[in-house]
Amino acid sequence: MSKQSWRGSTLLNPEPPVLVSCGGLEKPNLITIGWTGTICTQPSMVSISVRPERYSHHLIQESGQFAINLPTEALVRSVDWCGVKSGRDVDKFAACGLHAAPGTVLTDCPILEESPVNLECRVTQVIPLGSHDLFLAEVVACDVDESLLDENGKLCLEKAKLIVYSHGDYLALGRKLGTFGYSVRKKKPVRRKK
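Here is what the cut-offs are and how they apply
Residues numbered from 1 in each chain as written. Predicted model: local features only at pLDDT ≥ 70, side-chain atom pairs only at ≥ 80, totals over all residues. Heavy atoms only, no water. UniProt positions renumbered as here; feature names shortened; annotations may be inferred. Helix = DSSP H or I, 4+ residues; strand = E, 2+ residues; numbered from the N terminus. Contact = heavy atoms within 4.5 Å. Lys, Arg positive; Asp, Glu negative; His and termini not counted. Charge placed at Lys NZ, Arg CZ, Asp CG, Glu CD. Buried < 20%, exposed > 50% of the residue type's maximum accessible area, 1.4 Å probe, protein only. Pairing = 2+ DSSP bridges. Disulfide = S-S within 2.5 Å.

- Naming follows an unreviewed UniProt entry, where the protein chain appears as Flavin reductase family protein of Faecalibacterium wellingii.
- For the record of the protein chain, the UniProt heading Cofactor (unreviewed entry) holds the text "FMN".
- As recorded by UniProt, the Sequence similarities (unreviewed entry) comment attached to the protein chain reads in full: "Belongs to the flavoredoxin family."

1. With respect to the overall build of the protein chain
- Looking only at helices and strands, the protein chain has three helices and eleven strands in total.
- For the protein chain, the sequential pattern of α-helices and β-strands runs β-β-β-β-α-β-α-α-β-β-β-β-β-β.
- Taking the principal axes of the C-alpha coordinates as reference, the protein chain spans close to 75 × 50 × 35 Å.
- Partitioning the contacts of the protein chain with sequence separation of at least 6, the portion at a separation of at least 24 is 58%.
- Looking at charge distribution, the protein chain has the averaged site of its 23 positive side-chain charges lying 18 Å from that of its 21 negative ones.

2. Describing the environment of glutamine 125
- You can see glutamine 125 is positioned in strand β8 (residues 117-128).
- For the pair formed by glutamine 125 and alanine 137, sequence separation is twelve residues and the distance between their alpha carbons is 6.9 Å.
- When sequence neighbours within four positions are dropped, the list of residues in contact with glutamine 125 reads Leu134, Phe135 and Leu136.

3. A short note on the pairing of strand β1 (residues 18-22)
- Of all the five residues making up β1, five are buried; the element is thus mostly covered by neighbouring parts of the structure.
- Along β1, one buried face is formed by Val18, Val20 and Cys22 and the opposite face, lined by Leu19 and Ser21, is buried too.
- Pairing analysis gives five bridges linking β1 to strand β2 (residues 29-33), with the strands arranged antiparallel. Paired with cysteine 22 across the bridge in β2 is asparagine 29.
- Between β1 and β2, which pair antiparallel one after the other, the connecting turn spans six residues, and glycine 23 there sits at a positive phi close to 80 degrees.

4. Some thoughts on the environment of glycine 64
- Along the chain, glycine 64 turns up in the loop between α1 (55-63) and β5 (65-69).
- Through-space distance from the C-alpha of glycine 64 to that of methionine 45 is 14 Å; in sequence the pair is 19 residues apart.
- Excluding anything up to four places from it in sequence, glycine 64 contacts Cys121, Arg122 and Val123.

5. Quick notes on the pairing of strand β3 (residues 36-40)
- Relative to strand β4 (residues 45-50), β3 runs antiparallel, the two being bridged by four bridges. The residue of β4 that forms the bridge with threonine 36 is isoleucine 48.
- Linking β3 to β4, which pair antiparallel, is a turn of four residues.

6. A short note on the state of the cysteines
- One pass over the full model with this rule turns up zero disulfides.
- Unpaired in terms of disulfides, cysteine 22 finds its nearest cysteine sulfur in cysteine 109, a separation of 7.8 Å.
- Its relative accessible area of 0% is what places cysteine 22 among the buried residues.
- We note that cysteine 156 lacks a disulfide partner, and the nearest cysteine sulfur, in cysteine 142, lies 16 Å from it.

Take a look at the structure:
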């Protein structure tokens, strides 16, 4: 394999494009965020990176809360649109035909009803990094659509038809290649008939 060496860049791909809802229930806003991730298990924590000049940056900093809404294939057009329009100029919920609802714990923080999974987040720290500020937040509640649960209550996230973003393209998730730990699991012995 022959490789070229490029200068440092943000080529970590694919990314989960998420719709972050913020502001109050009176005037909710959505922003598409590509730079987000899980940062801690206990307590459950996530991060989002937002440019300080973005309208949502001020809303999140002022309220100290936001919701990460996982987008589906059906929401891909809204994901793109909310990433190129500003909430200063337009009501993104209304323009996209979407609906805000109160969170179950953060009842004054809007969640996106059309998203099958909403992570209600309380900001714990803001770290200025340069072009973006990193918001570290504790996930205080997860709202999950019951249609994603099997008969035993297990979450089957593949039913949600989530999307990823990679180098300018929105992509549907593909086929399952394995499950966590499958590479080290002991194989059951094959029983031979006598």
